[in-house]
Amino acid sequence: MKDIPTTCVAAVYSEIEPKPQLKDIEKFMRDHGAEPVLDFSSEDLESKVESIIRELRNVLKDSLLESDMEMFLNSVMSLILVVPEDKINRPILNFSEAIVNANLPEKYGPIKIRVLTNLIYVIPEHANTDKYRILMDLIKCARNHRCINAVSVGISQVKIWVKEWKVSNEQVQELYRNMHEAYAAIGDSTNALQLLLELLGTYTKETASKARTDAFKCIINSINDPNVFIMDHLLLLEPIKVLEGENIHKLLNIFVLGRLQDYLEFYSKQKSFIESSGIKHERNLTKMRLLTFLQTAESQKELTFDAIEKEMQIPSDDIESFIIEAVRTKMIRCKIDHLARKVIIDSTAQRSFTKQHWISLKEKLESWKSNLTMINNNLHTLLNARAVTT
């Protein structure tokens with residue numbers, strides 16, 4: 001079993017015998033409005049635990065202090081772990097479901113997250129428990145309570161788990177989609193977009209048509225995100241390819257390869273599409289000006305103010321502020337020569353990497369290798385010559 005992260009509450013095991021622990025839990029529940037039916041004359045621990053779980057909805061209320069609720073849930077969890085491994089699956093899944101369905105304010109979200117994270121880690125190794133179900137409940141809690149940042153495991157650990165648990169591709173897609181929604185709920189566009197990309201990457205050419213909606217959303221989110229400028233990798237995703245020929249795919253191609261004028265021509269013909277798709281035209285102009293500037297700077301060492309004013313369609317008074325904003329994106333390094341009214345380009349990010357770019361890179365690397373070989377041979381010749389003279 002892997003170590004429990006330090007961000008989790010690890011104190012879930014109890015050294016108290018099940019019977020007195022049952023009585024303590026029963027008293028606590030009755031004090032808070034629940035009526036668990038516990039037959040203490042029976043040795044059937046599973047039925048007692050199930051009775052407790054059924055009544056959880058009557059205890060998990062916002063009248064209960066957060067600290068008391070977490071202590072209570074950890075106590076119930078420690079009791080569940082005493083159930084024989086061949087019978088533990090149902091109580092665990094019912095416990096997880098009861099937590100995710102508890103109608104509580106957002107502030108209780110992190111408690112739910114910690115308890116469910118603990119549950120994943122402390123389930124006995126040999127118990128035939130569907131840990132995927134618990135993880136899904138955890139992510140749903142994070143989404144519903146807008147607290148995905150309280151989850152102590154990231155996408156790397158999730159990938160390890162789904163592989164270990166032999167989760168089906170469809171289940172992975174459901175998981176990634178819910179994780180995306182959880183990040184989107186708190187306005188974390190970076191991670192929300194990353195999860196969309198992970199989701200689209202799970203589809204093949206044969207199944208790509210099932211992800212049309214997700215593919216459309218991914219393009220919209222990429223265009224709308226003010227920190228995303230490089231989008232050529234989207235064109236390689238099978239669900240994106242399904243959209244070829246549609247307006248959204250044409251728009252993506254403009255943001256990958258096109259210039260400002262290409263976008264303006266598209267907008268003049270498809271204004272209603274832009275407005276109905278949740279894309280902001282003014283933001284598009286800002287991003288396309290930068291992308292056009294990058295593309296122009298790729299092949300030139302200097303750009304005059306007049307050329308920038310004409311190509312980017314901005315007033316001359318706005319050129320300096322435009323350049324400053326471009327540099328802030330870290331997509332370009334340049335300096336302004338005010339006297340000569342020009343911009344000197346130091347370096348730019350590659351807007352797209354086509355087959356021709358790969359060929360060019362290959363040729364440069366081969367030339368570099370050849371030059372190094374020649375230098376190495378010359379050095380050996382020089383060393384040998386000195387050895388002979390001495």
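Residues numbered from 1 in each chain as written. Predicted model: local features only at pLDDT ≥ 70, side-chain atom pairs only at ≥ 80, totals over all residues. Heavy atoms only, no water.

(A) Layout of the pairing of strand β2 (residues 332-337). Direction of pairing for β2 relative to strand β3 (residues 342-348): antiparallel, over a ladder of six bridges. When the sheet's bridge partners are listed, Asp 337 is paired in β3 with Lys 342. Hairpin connection between β2 and β3: a loop of four residues separates the two successive antiparallel strands, and Arg 341 in this loop has a positive phi of roughly 50 degrees. (Pairing = 2+ DSSP bridges. Helix = DSSP H or I, 4+ residues; strand = E, 2+ residues; numbered from the N terminus.)

(B) View of the UniProt feature "domain: PCI" (unreviewed entry) in the protein. When the UniProt feature table is mapped to this numbering, "domain: PCI" (unreviewed entry) covers residues 188-350. The distance from the first to the last C-alpha atom of residues 188-350 is 26 Å, and the span holds 56% helix and 10% strand. (UniProt positions renumbered as here; feature names shortened; annotations may be inferred.)

(C) Looking closely at a nonpolar patch on the surface. Side chains of Leu 365, Trp 368, Leu 372, Ile 375 and Leu 379 sit close together on the surface and give an oily, nonpolar patch of about 510 Å² of accessible area. Considering the arrangement of structural elements, one finds Leu 379 in helix α18 (residues 355-389). The class for Leu 379 is partly exposed, based on a relative accessible area of 47%. (Patch = residues over 30% accessible without salt bridge, like charges linked within 9 Å, V, L, I, M, F, W, Y side chains within 5 Å. Areas by Shrake-Rupley, 256 points an atom, 1.4 Å probe, with all protein chains shown as cover. Salt bridge = Lys/Arg side-chain N within 4 Å of Asp/Glu carboxyl O. Buried < 20%, exposed > 50% of the residue type's maximum accessible area, 1.4 Å probe, protein only.)

(D) Broad picture of the packing of helix α2 (residues 45-54) against helix α4 (residues 89-101). Between α2 and α4, the least distance of the axes is 10 Å, while the angle of their chain directions is 10 degrees. In terms of axis orientation, α2 runs roughly parallel to α4. On the side of α2, the interface is formed by Glu 46, Val 49, Glu 50 and Ile 53, while α4 contributes Arg 90, Pro 91, Asn 94, Phe 95 and Ala 98. In terms of residue class, the contact of α2 with α4 is built from five nonpolar, one polar and three charged. (Axes fitted to C-alpha atoms, helices over the stretch in contact; angles between N-to-C directions. Parallel < 35°, antiparallel > 145°, perpendicular 65-115°, else oblique. Contact = heavy atoms within 4.5 Å. Nonpolar A, V, L, I, M, F, W, Y, C, P; charged D, E, K, R; others polar.)

(E) Structural context of unusual backbone geometry. Of note, Gln 313 is a non-glycine position whose phi angle comes to about 55 degrees, a positive value. One non-glycine residue, Lys 330, lies in the positive phi region at around 65 degrees. Following the sequence through the fold, Lys 330 ends up in the loop between α17 (319-328) and β2. For Lys 330, a relative accessible area of 75% corresponds to the exposed category.

(F) Region of interest: the sheet that holds strand β1 (residues 302-304). The strand order β1-β3-β2 describes an open sheet built from three strands, whose pairing is antiparallel. Sheet topology places β1 and β2 at the edges, where each strand pairs with a single neighbour. Within the sheet, the average angular offset between the axes of one strand and its neighbour, ignoring direction, is 25 degrees. Sitting on the sheet, helix α15 (residues 281-298) touches β1, β2 and β3, and the angle it makes with β3 is about 85 degrees.

(G) View of the pattern of salt bridges. Applying the stated criterion across every chain, the model contains 18 salt bridges. The shortest N-O distance in the salt bridge between Glu 302 and Lys 342 comes to 3.2 Å. One end of the pair, Glu 302, is in strand β1; the other, Lys 342, is in strand β3, and 40 residues separate them in sequence. Among the charged side chains, a salt-bridge network with shared partners connects Glu 26, Arg 30 and Glu 35.

(H) Inspection of the pairing of β3 at higher detail. By the bridge criterion, three bridges tie β1 to β3 in an arrangement that is antiparallel. Along β3, the bridge assignment pairs Thr 304 with Lys 342.

(I) How the structure looks around the side chain of Ser 51. Take Ser 51: it is sitting in helix α2. In contact with Ser 51, not counting residues within four places along its chain, are Pro 36, Val 37 and Leu 38.

(J) Region of the structure containing the packing of aromatic side chains. Enumeration according to the criterion identifies seven aromatic pairs in this entry. An angle of 65 degrees between the planes, with centres 6.1 Å apart, marks the rings of Phe 255 and Tyr 263 as edge-to-face. Each member of the pair, Phe 255 as well as Tyr 263, is classed as buried. With 6.1 Å between their ring centres and 25 degrees between their planes, Tyr 263 and Tyr 267 make a pair best called stacked. In this pair, Tyr 263 and Tyr 267 are both assigned in helix α13 (residues 260-269), four residues apart and thus about one turn of the helix distant. Here the two residues Tyr 263 and Tyr 267 agree in accessibility, since each one is buried. Taken together, the ring pairs in this structure connect Tyr 121, Trp 161 and Trp 165 into an aromatic cluster. (Phe/Tyr/Trp six-rings, centres within 6.5 Å; stacked < 30°, edge-to-face > 60°.)

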